[in-house]
Amino acid sequence: MAEYDAVIVLSYKYNNGVITPQSRNRVDLGLKLNSKFGADSLCFAGRAAKSMGDYAREKGFDGRVLLEDSSRDTIGNAVFTKLEFAWNEEWKDLLVISSDYHIPRVQEIFRFVYGPSFNLNFFGSGGDFPSAEEKSEEEKLELFLKTFKGVKPGDQNAIAYRLIESHELYKNSPQLKATIMRQL
């Protein structure tokens, strides 16, 4: 029996279908940990999900691959993987992978979105820090906390509504709003 229901690997930046070095590092770690711990599914999250899944197949992975490619950021990664897969597949034990520098924020966001009924573990891969033009991890975490202030952890409806009403990457996208509403 698998130790985890799924390994969720977060993508780094969409690059017109070309997998970035950070995403490649994350997939490599996901493959290694999936082999070590076992999981029923390997899920790639973010706009680069398809490229990451293709890379995993090229590396010889022949297990079940799930692609979540609607999300535009870490918050979306958590919301969409929960809506699209965790509920439907009845996942409870998950391993989430990103880059080392990103893991503290990933933990905060995924624990908030998934809530206390999920067993979440996190691993970070090596990789370069984002460019200096990007907001810092601390700034992004502060914005997340501000956006979701007053929402109860794990309250999927409230989290989804706040995402599509208040989050800059989702509130102006009718297609993403419709995707979320179909899954609630």
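Scroll up to find the structure.
Residues numbered from 1 in each chain as written. Predicted model: local features only at pLDDT ≥ 70, side-chain atom pairs only at ≥ 80, totals over all residues. Heavy atoms only, no water.

Asker: Lay out the overall build of the protein in plain terms, naming residues and giving numbers.
Answerer: Looking only at helices and strands, one finds 7 helices and 5 strands in the protein. N-terminal to C-terminal, the α/β element order of the protein is β-α-β-α-β-α-β-α-β-α-α-α. The globule rule puts the C-alpha radius of gyration for 184 residues at 16 Å, and the 15 Å found for the protein is close to it. Expressed along its principal axes, the backbone C-alpha trace of the protein runs to roughly 40 × 40 × 30 Å. Taken across its 184 residues, the protein has 50% of its residues classed as buried. Of the side chains in the protein, 24 bear a positive and 26 a negative charge, and the two mean positions are spaced by 3 Å. (Helix = DSSP H or I, 4+ residues; strand = E, 2+ residues; numbered from the N terminus. Rg over C-alpha atoms; globule rule 2.2 N^0.38 Å. Buried < 20%, exposed > 50% of the residue type's maximum accessible area, 1.4 Å probe, protein only. Lys, Arg positive; Asp, Glu negative; His and termini not counted. Charge placed at Lys NZ, Arg CZ, Asp CG, Glu CD.)

Asker: So what's going on with helix α3 (residues 74-89)? Which residues, and what values?
Answerer: Here α3 spans 21 Å end to end across 16 residues, near enough to the 22 Å set by a 1.5 Å rise per residue. Taking the largest bend as the criterion, α3 deviates by roughly 45 degrees, centred on Lys82. In terms of burial, α3 is a largely internal element, 13 of the 16 residues being buried. One or two steps after α3, the chain reaches Glu90, where phi turns positive at roughly 60 degrees. (Expected span 1.5 Å × (residues − 1). Bend = angle between axes of the 7 residues up to and from the residue.)

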